[in-house]
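Analysis of the macromolecular model
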Amino acid sequence: MARPATIFSCSACGAQSPKWHGRCPSCGEWNTLVEERAPAPGAGGGRGRPGGAGGPGAAAGRAVPLRDVRVERTPRLHTGIGELDRVLGGGLVPGSLVLLGGSPGIGKSTLTNMALGHLAAAGRRTLYVSGEESAAQIRLRAERLGAHALEVPVLAETDLDAVLATMRAEGPEACVIDSVQTLHSAALDSAPGTVGQVREVATRIAEVAKRSGTAVLLVGHVTKEGSLAGPRVLEHLVDCVLQFEGERERTYRTLRALKNRFGSTNDVGVFEMAANGLAEVLDASARFVGEATKAPGSVVLAAMEGSRPLLVEVQALVSPSELVPPRRVCNGLDRNRLALVLAVLGRHAGVGVGAADVFVNVVGGVRIEEPGADVAVALAVASAARGVAPNPAPLACFGEIGLTGELRSVAHPERRSAEAEKFGLRQVLSPATAPTLRAAVRAALGDRDRPVRAA
Ligand code: TYD
Ligand code: MG
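Residues numbered from 1 in each chain as written. Chains lettered and ligands numbered in written order. Predicted model: local features only at pLDDT ≥ 70, side-chain atom pairs only at ≥ 80, totals over all residues. Heavy atoms only, no water.

1. As for the packing of aromatic side chains
- This structure, assessed with the given rule, holds 2 aromatic pairs.
- Ring centres 5.9 Å apart and planes at 85 degrees place the aromatic pair phenylalanine 244 and phenylalanine 271 in the edge-to-face group. Of the two residues, phenylalanine 244 sits in strand S9 (residues 240–245) while phenylalanine 271 sits in strand S11 (residues 268–274), which places them 27 residues apart along the sequence.
- By relative accessible area, which is 0% here, phenylalanine 271 ends up buried.
- Considering the side-chain rings of tyrosine 252 and phenylalanine 288, the 4.9 Å spacing of their centres and the 70 degrees angle between planes classify their relative orientation as edge-to-face. With tyrosine 252 in strand S10 (residues 252–260) and phenylalanine 288 in helix H7 (residues 284–291), this pair connects stretches of sequence that are 36 residues apart. Comparing tyrosine 252 with phenylalanine 288, the two get one shared label, buried. (Phe/Tyr/Trp six-rings, centres within 6.5 Å; stacked < 30°, edge-to-face > 60°. Helix = DSSP H or I, 4+ residues; strand = E, 2+ residues; numbered from the N terminus. Buried < 20%, exposed > 50% of the residue type's maximum accessible area, 1.4 Å probe, protein only.)

So, in structure tokens, the structure goes:
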């Protein structure tokens, strides 16, 4: 008896299998395979062609030496938002697909509205497709963003075919789909936002975009754990993945590229949510240093956010705990890295915090993901544990901590030091000035080289 054609797709890597497995045979992740109905024959977006995949009937292609490959250098579209253009590697590339991920409320709709507004004001054809909000809701937001934003044509629609038909009819140079998880293709039975739907939506939009040279910004929701809600498959399909991070309640938000076929993944943009949309923060270091508390438990990290130096305050609190095991809480940092830093601090620098609760926070909602932050975390904790403010305060520092207690060099030491000096922090504690964590603690907190335990 013929069974309905179903396949199983891995929500982590996108691999497909005719059978269900507890563990994905391709990427090894557990419980990621979800059942989907195979697309109806003849429905658009089918992957692979008959006779494709090197079948006996396929004609051989011609391989060309790279130097003979013709490259058309199409000028990029400038979104009018400097930080966004920089993260994209110089603006939107016509015909490309950019995925903008971020948790709800972070400002994805605001950022994309603003970008299209600027493009429309510069005489570009734009289109804003929303499957989440009504046209009236979008207008209310656009009113806050200024006159440019009101120029953008909107379509409130969730049906993929209607969206594609509108894209073909309007021929926008830049188009926003907000969000990819809300569109729905009638060719598949599954609900919007499922692996199959999202793949189908993105694939078919990409086809239209490539053909018409439209730059498409796909908005995607991100779960609390940081992965794109539902399918990661999208990350493979698009040219750039941008991540909008920060906490809704905090002022600062960072935009970084996790993948970029047309530029580096090093650049980070800093934004602030204001009453009239997102404002670029160009003097982030000055603000963070100006606000640094100079109290015990506070140090300034000379970080690199991609290719840009950034000074941020790292704060720690060490307090007696009633819990076993005690709490280790951090914001803006990796928890495992904190555990490592605390272990080295206790074992090699004489600052044990074994039975105390430790809280570490990167101020302003910034997230730091580089090993250069280790020393700042260690010194903030040591300073909090001893109740002694670092000298000088605020103290700028950077460096990675090795498992044997040594400080290890990190990328761009000159640029970090130069940034610190620019904002009046002349003395910078780094692997060049302190070879070990013990020496760094002594240099920052004075000569009390005896084991200290938080009360
Ligand atoms: P939004 O862009 O809708 O977030 P997302 O699309 O990522 O879910 O907006 C996020 C929040 O920002 C929203 O709660 C309202 C606030 N906001 C401002 O503070 N100022 C503004 O000018 C705008 C447009 C929004
Ligand atoms: Mg939104």
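Resuming the write-up.
2. Considerations on the sheet that holds strand S15 (residues 328–331)
- In spatial order, the strands read S15-S17-S14-S13-S18-S21; together these 6 strands make up an open sheet with mixed pairing. Looking along the sheet, the strands with just one partner apiece sit at the ends: S15 and strand S21 (428–429).
- For strand S13 (residues 298–305) and strand S14 (residues 308–320), the ladder comprises 8 bridges, and the chain directions are antiparallel. In the strand pairing of S14, serine 298 is matched with glutamine 315.
- Docked against the sheet, H7 engages S13 and S14, running at close to 30 degrees with respect to S14.
- Against the sheet, helix H8 (residues 335–348) touches S15 and strand S17 (356–362), its axis set at about 125 degrees to S15. (Pairing = 2+ DSSP bridges. Contact = heavy atoms within 4.5 Å. Axes fitted to C-alpha atoms, helices over the stretch in contact; angles between N-to-C directions.)

3. What about the site of ligand 1?
- With respect to spatial proximity, 16 residues lie near ligand 1, and among them Gly105, Ser109, Thr110, Ala274 and Gly277 are the closest.
- Here an oxygen atom of ligand 1 sits 2.7 Å away from a polar atom, N or O, in the main chain of lysine 108.
- Burial of ligand 1 by the protein chains amounts to 75% of its free accessible area of 560 Å².
- Sorting the residues of the shell around ligand 1 by element identifies helix H2 (108–121), helix H3 (135–145) and S11 as the ones contributing at least two each.
- Looking at the shell around ligand 1, its residues break down into 6 nonpolar, 7 polar and 3 charged. (Near = heavy atom within 4 Å. Polar contact = N/O pair within 3.5 Å; in protein donor to acceptor, adjacent residues only side chain to side chain. Areas by Shrake-Rupley, 256 points an atom, 1.4 Å probe, with all protein chains shown as cover. Nonpolar A, V, L, I, M, F, W, Y, C, P; charged D, E, K, R; others polar.)

4. As for the sheet that holds strand S4 (residues 97–102)
- Strand order in the open sheet formed by 9 strands is S6-S5-S7-S8-S4-S9-S10-S11-S12, and the pairing between neighbours is mixed. If you trace the sheet from one side to the other, it starts and ends with strand S6 (154–156) and strand S12 (277–280), each paired once. Across this sheet, the average inter-strand angle for adjacent strands is 25 degrees, counted without regard to direction.
- Bridging between S4 and S9 involves 5 bridges; their strand directions are parallel. The residue bridging leucine 99 from the neighbouring strand is valine 241, located in S9.
- Across the face of the sheet, H2 comes into contact with S4, strand S5 (126–130), strand S7 (174–178), strand S8 (215–221), S9, S10, S11 and S12 while running at roughly 160 degrees to S5.

Function cannot be read off these values alone, since they describe shape.
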